[in-house]
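Overview (structure and organization)
Listed here are the chains, written in short residue letters.
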Amino acid sequence: QVQLVESGGGLVQTGGSLRLSCAASGRTLSTYAMGWFRQAPEKDREFVAAINWSGDSTYYTESVKGRFTISRDNAKNTVYLQMNSLKPEDTAVYYCAQDGSKDYTMATIRGYLELWGQGTLVTVSS
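Parameters at a glance
Residues numbered from 1 in each chain as written. Predicted model: local features only at pLDDT ≥ 70, side-chain atom pairs only at ≥ 80, totals over all residues. Heavy atoms only, no water. Disulfide = S-S within 2.5 Å. Helix = DSSP H or I, 4+ residues; strand = E, 2+ residues; numbered from the N terminus. Buried < 20%, exposed > 50% of the residue type's maximum accessible area, 1.4 Å probe, protein only. Polar contact = N/O pair within 3.5 Å; in protein donor to acceptor, adjacent residues only side chain to side chain. Contact = heavy atoms within 4.5 Å. Pairing = 2+ DSSP bridges. Axes fitted to C-alpha atoms, helices over the stretch in contact; angles between N-to-C directions.

**Quick word on the state of the cysteines**
- As enumerated under the stated definition, the model contains one disulfide in all.
- Here cysteine 22 connects covalently by a disulfide to cysteine 96, the sulfurs 1.9 Å from one another. Classification of the bridge connecting cysteine 22 and cysteine 96 rests on its S-S torsion, roughly 60 degrees, and on that basis the disulfide is right-handed. Taken together, the residues span a long stretch of sequence, with cysteine 22 in strand 3 (residues 18–25) and cysteine 96 in strand 9 (residues 92–98) at a distance of 74 residues. You'll find cysteine 22 and cysteine 96 in the same group, each marked buried.

If you want it as structure tokens, here you go:
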């Protein structure tokens, strides 16, 4: 019954911003690294960002570096993805996922994670 629930997606224009949230139910996220991923129509899932358990270390895919920020509030059991300067190519279903350890690794970045949310759709109009 452990769930990750994403929210905050929607329709925005190019250059706009959205903040996605990933809230846990049934389990505390505070001791686990977390990641955000996305999947565009007819494309494979892509890594977006990762954050370690305490929030003091982050990593981003090159295409979003400088535009997106991953953060977490362990007291609220929530992970966030602030997305600025959005582009049409950012259009995708965005998923959060939980790692099995405190720190992210290459396995995290490649999506080898066991717990995923159901996704929230982000559409950036051109």
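**A word on the side chain of threonine 108**
- Tracing the backbone through its elements, the reader meets threonine 108 in helix 1 (residues 106–109).
- Judged by its relative accessible area of 1%, threonine 108 falls in the buried class.
- There is a polar contact of 2.4 Å between the side chain of threonine 108 and the side chain of aspartate 99.
- With near-sequence residues (within four places) excluded, threonine 108 lies in contact with Phe37, Asp99, Asp103 and Leu113.

**Quick word on the sheet that holds strand 7 (residues 68–73)**
- With antiparallel pairing, the four strands of this open sheet are ordered in space as 1-3-8-7. Only two strands of the sheet have a single neighbouring strand rather than two, namely strand 1 (3–7) and strand 7. The mean inter-strand angle of the sheet, taken between neighbouring strand axes irrespective of direction, is 15 degrees.
- With five bridges joining them, strand 1 and strand 3 adopt antiparallel strand pairing. Across the sheet, leucine 4 pairs through a bridge with alanine 24, a residue of strand 3.

**Some remarks on the environment of asparagine 77**
- Note on placement: asparagine 77 falls in the loop between strand 7 and strand 8 (78–83).
- Excluding its chain neighbours within four sequence positions, the residues that come into contact with asparagine 77 are Cys22, Ala23, Ala24, Arg27, Thr28, Leu29 and Ser30.

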